[in-house]
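# Observations on chain architecture
This is what each chain is made of:
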Amino acid sequence: MIEIVLFYVGAVAAILGAAGVVLARTPLRGALWLIFTLCAVAVLYLLLEAPFVAAMQVLVYAGAIMVLFVFVIMLLNLGPEAGARPAYVSVAKASGLLACVYLGWRLVAALSGSGQKAVDGSVKNIGVLLVTDYLFAFEAVSVLLLVAVVGAVVLGLRRLS
Amino acid sequence: MRALVDLLNRSFAVPAVYQPYLAAGVIFVLAFVIVVFAAVYSGVLIFAERRVAGRIMSRIGPNRVGPHGLLQFVADAVKLIVKEDIIPDASDRPLYRFAPYLMTMGVFAGFVVLPLSPHVIGADLNIGLLYVLAITAIAVVGVLMSGWASNSKWSLFGGMRSAAQIVSYEIPNALALLPGVLLAGTLSTQAIIRAQGGWPWEWYVFHSPMMLALFVIYFIAALAEGARIPFDLPEGESELVAGYFTEYTGFRFAAYFVGELAHTWIAGSLAVIVFLGGWQIPGVSVAEIDAAQGGMLWLYEALALAIFVLKMIFVVFLMIQLRWTLPRVRVDQMMVICWKYLLPITFVALFLILGFMLVWPWESVGGLLWRVAMTAVGLGVVVVYFWRVRYNIVAARDRLYLKFWI
Amino acid sequence: MELDFLAVLAVFVAGFLFVFLTLTVGKLLRPHNPYPDKNATYECGERPIGEAWIQFNPRFYLIALIFLIFDVEIAFVFPIATVFKRFIAEGNGVLAFVELFIFMAVLLLGLVYVWVKGDLMWVKQITRPAPVKAEPGNPT
């Protein structure tokens, strides 16, 4: 009972938030709406019995990536006047809508009647899997992150000089 | 929360149909209790802070409103509520109005997983520690939003600096808590406490020399996370007016203050939970507490609560004392401290602890000897601390006013 | 399980209501008398010059990016930390240790790289060939 109510609350909140991101007049308001959406999606993860993913969603996305977004918005100096509408905006709108419909259709097609059994999403299980089955991926991620650091520094240097 | 729901269900023989509604009701009442607790705590803290500041600076401090000035914070709150709410014309109005909510909501939500005793806890989430780290990240966004939405240069600089500081120190902050998870093998706050013991040599802080170092690192990082002196540069009055809340007035301004003050509880109790043994009662094992019934249970609960609060007072007092002792660090020093000192030391300490756990497991004799030795070291530190305080007091006896009550 | 997370949601709502209700009550009590001078942005008593929404120092962006990377590292290390003790008990402690060590050492390498490149310095000396075009004043 509570689960169903929470699901609808989370789902509606996520969709409203996503609409807010698109419709926001300034980039920063859009960023705020994005946080709202990400938190709503975190609620959905909780309902899927994946508390760790939910916590990561809030920690990494709503926390870290949002700070990064805001810094980038400030770096690019996207004030309120940045809302000037370029000519191709109606094309962008139409194609966005089309992509949305397609994605929705694919999702419904993929999920309807599949009835997949949920796997154990507990933190401990994730920890065990990371150092056993997915060890290579786990170590590869560290290299990937290293590359990201180097890339950030190189890009930052170019901007500075 | 769980315990209370179970207790109510059992004592009133609630039919199964109504149990979810009862649980939901209890949860929402408890949520308000938690929020009121956080708000009152920040009020009491500001009183303690001003009073301790008075003593450290050899003056009196607030003593007019209520007995010994204890109700000063109520007066302050009333004053802030009836102040005009000024919203600058140049600001981004909706964002400006909403930003304080993010700050308070983020900090208050952190209180849910912080226990006071074996049964007094909002909700014992199985991702407890990560949850606290994640949820307080939302407050950062509030800070950034307020800085940007004010459209004031001071606010913007304050907000940017604050965000840079908080995100930088979040790394050593989180990694310093990691050994607690390593040793307890869980993220739940209650389970981490349960894995420790009542006596100091059963606390994680004395597990190994590296652990003691990590405790210090955690403390420094927590100070920076809460933007407390010596890391209060986001709101450094002498350079940034008031930082990100320069433009705020009235209760919106107070909301930031409540958030910052309440954050000391989160920072302090994480230190107590992960490093200082939480509510564990010396000489009473967890099994005994679990098995206790009736009066004994209440006695243990009260004892555990008192022990936890005592430890909290010690940690928070240390924060207050540091606030009135140290000068503010510069912005470049702040960055250097985090990235060039705290972070490498944390990493090395973590590697060493991983190795330490392999060589001397918790239960082994070697591990116990290490812990006893480290407890002696810790005791030495505490003794030196009190000795220095006493020395300073004696040296300045004639210029000091030390009576607590006025 | 759901109950526990419902408590989190409830505290969020309660925290929101705490600020909202206090502001609403305050609205009945507090004066409301705005005029342009009062609502002006504070700039040390002077009339504010221009907007505050200026281009910001890219250094903040770099710090945020490095933070993000270490944050992801935390996301990976915490779950493993919860089972490290179990691995020791099963006799696979050394293996888990080596795996964690490699993961964290590689990331530490990233920190060393940033350090050597001097990006951790707040006041950075740019010892590069003269910039192509003058940078507009970047206050920090």
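Residues numbered from 1 in each chain as written. Chains lettered and ligands numbered in written order. Predicted model: local features only at pLDDT ≥ 70, side-chain atom pairs only at ≥ 80, totals over all residues.

Below, the discussion takes up the overall build of chain C. Broken down by element type, chain C carries three helices and zero strands. Going residue by residue from the N terminus, the α and β elements of chain C occur as α-α-α. (Helix = DSSP H or I, 4+ residues; strand = E, 2+ residues; numbered from the N terminus.)

Along chain B, the regular secondary structure elements total 14 helices and zero strands. Tracing chain B from N to C terminus, the helices and strands come up as α-α-α-α-α-α-α-α-α-α-α-α-α-α. Computed over its C-alpha atoms, the radius of gyration of chain B comes to 22 Å, within 12% of the 22 Å expected for a compact globule of 406 residues. Its C-alpha atoms give chain B principal-axis dimensions of roughly 65 × 60 × 45 Å. Scored against the burial criterion, the 406 residues of chain B give a buried share of 53%. Considering only residue pairs separated by 6 or more positions, chain B has 78% of its internal contacts joining residues 24 or more positions apart. (Rg over C-alpha atoms; globule rule 2.2 N^0.38 Å. Buried ≥ 20, exposed ≤ 12 C-beta atoms within 10 Å, placed from the backbone. Contact = placed C-beta atoms within 7 Å.)

At the interface, 62 residues of chain C touch 69 residues of chain B. At the level of secondary structure, the elements contributing two or more residues to the side of chain C that touches chain B comprise α1 (2-29), α2 (58-89) and α3 (93-116) of chain C. It is α1 of chain C that contributes the most residues to the side of chain C that touches chain B, 19 residues altogether. For the side of chain C that touches chain B, the per-class residue count stands at 46 nonpolar, nine polar and seven charged. (Nonpolar A, V, L, I, M, F, W, Y, C, P; charged D, E, K, R; others polar.)

The next subject is the packing of helix α4 (residues 93-110) of chain B against helix α5 (residues 128-149) of chain B. Residue and element names in this part refer to chain B. Relative orientation of the contacting elements α4 and α5 amounts to 160°, with a least axis distance of 8 Å. It follows that α4 is roughly antiparallel to α5 by the angle criterion. Relative to α5, the crossing made by α4 is left-handed. Across from Leu95, Tyr96, Ala99, Pro100, Leu102, Met103, Met105, Gly106, Val107, Ala109 and Gly110 in α4, the residues of α5 making contact are Val132, Ile135, Thr136, Ile138, Ala139, Val141, Gly142, Val143, Met145, Ser146 and Ala149. Of the residues belonging to the contact of α4 with α5, the class tally is 17 nonpolar, five polar and no charged. (Axes fitted to C-alpha atoms, helices over the stretch in contact; angles between N-to-C directions. Parallel < 35°, antiparallel > 145°, perpendicular 65-115°, else oblique. Left-handed = near helix turned anticlockwise from the far one by under 90°.)

This part is about the nonpolar core. Counting residues in each nonpolar core, the largest one holds 217 residues, and the members touching the most others are Val67 of chain A, Ala271 of chain B together with Ala7 and Val11 of chain C. For this core, the element with the highest residue contribution is α2 of chain C, accounting for 23 residues. Inspection of this core shows a minimum of three residues originating in each of domain 1 (1-80) and domain 2 (119-161) of chain A. In contact with Val11 of chain C, not counting residues within four places along its chain, are Ala31, Ile34, Val35, Phe108, Ala109, Phe111, Val112 and Gly122 of chain B. (Core = buried A, V, L, I, M, F, W, Y, C linked by C-beta atoms within 7 Å. Domains from an automatic or database assignment.)

If pLDDT is low for a region, its predicted coordinates should not be looked at in detail. Residues and elements named next belong to chain C. Chain-level statistics for chain C give a pLDDT mean of 77 and a share of 76% at 70 or above. Here α2 stands out as the least confident element of chain C, with mean pLDDT 83; α3 is the most confident, with 86. Interface predicted TM-score (ipTM) for the complex: 0.82; the corresponding pTM is 0.88. (pLDDT = per-residue confidence, 0-100.)

This paragraph deals with α5 of chain B. Residues and elements named next belong to chain B. The terminal C-alpha atoms of α5 lie 32 Å apart, and with 22 residues this matches the ideal 32 Å at 1.5 Å per residue to within 8%. By the criterion of burial, α5 is predominantly enclosed, with 22 of the 22 residues buried. Note on α5: the residue one or two positions beyond its end, Asn151, has a positive phi of about 55°. (Expected span 1.5 Å × (residues − 1).)

Moving on to the confidence of the model for chain B. Overall, the prediction assigns chain B a mean pLDDT of 85, with 97% of residues at 70 or greater. Of all the helices and strands in chain B, helix α9 (residues 237-240) of chain B carries the lowest mean pLDDT, 71, while helix α8 (residues 209-225) of chain B carries the highest, 91.

Let us look at the environment of Ala40 of chain C. Here Ala40 of chain C shows up in the loop between α1 and α2. Leaving out residues up to four positions away in the same chain, Ala40 of chain C has contacts with Pro88 of chain B together with Arg47 and Pro48 of chain C.

Once that is clear, we can look at unusual backbone geometry. With a phi close to 60°, Glu49 of chain A is a non-glycine residue in the positive phi region. Following the sequence through the fold, Glu49 of chain A ends up in the loop between α2 (27-47) and α3 (51-75).

Our next topic: the packing of helix α3 (residues 72-81) of chain B against helix α10 (residues 250-274) of chain B. Residues and elements named next belong to chain B. Running from N to C, α3 and α10 point in directions that differ by 135°, and their axes come no closer than 7 Å. Taken together, the axis directions place α3 and α10 in an arrangement best described as oblique. Counted together, Ala77, Leu80 and Ile81 of α3 and Gly250, Phe251, Phe253 and Ala254 of α10 form the full contact between these two elements. Considering only residue class, the contact of α3 with α10 consists of six nonpolar, one polar and no charged.

All right, on to the environment of Ile60 of chain B then. With respect to the helices and strands, the residue Ile60 of chain B is situated in the loop between α2 (19-56) and α3. Along the chain, Ile60 of chain B and Arg50 of chain B lie 10 residues apart, while their C-alpha atoms are 9.2 Å from each other.

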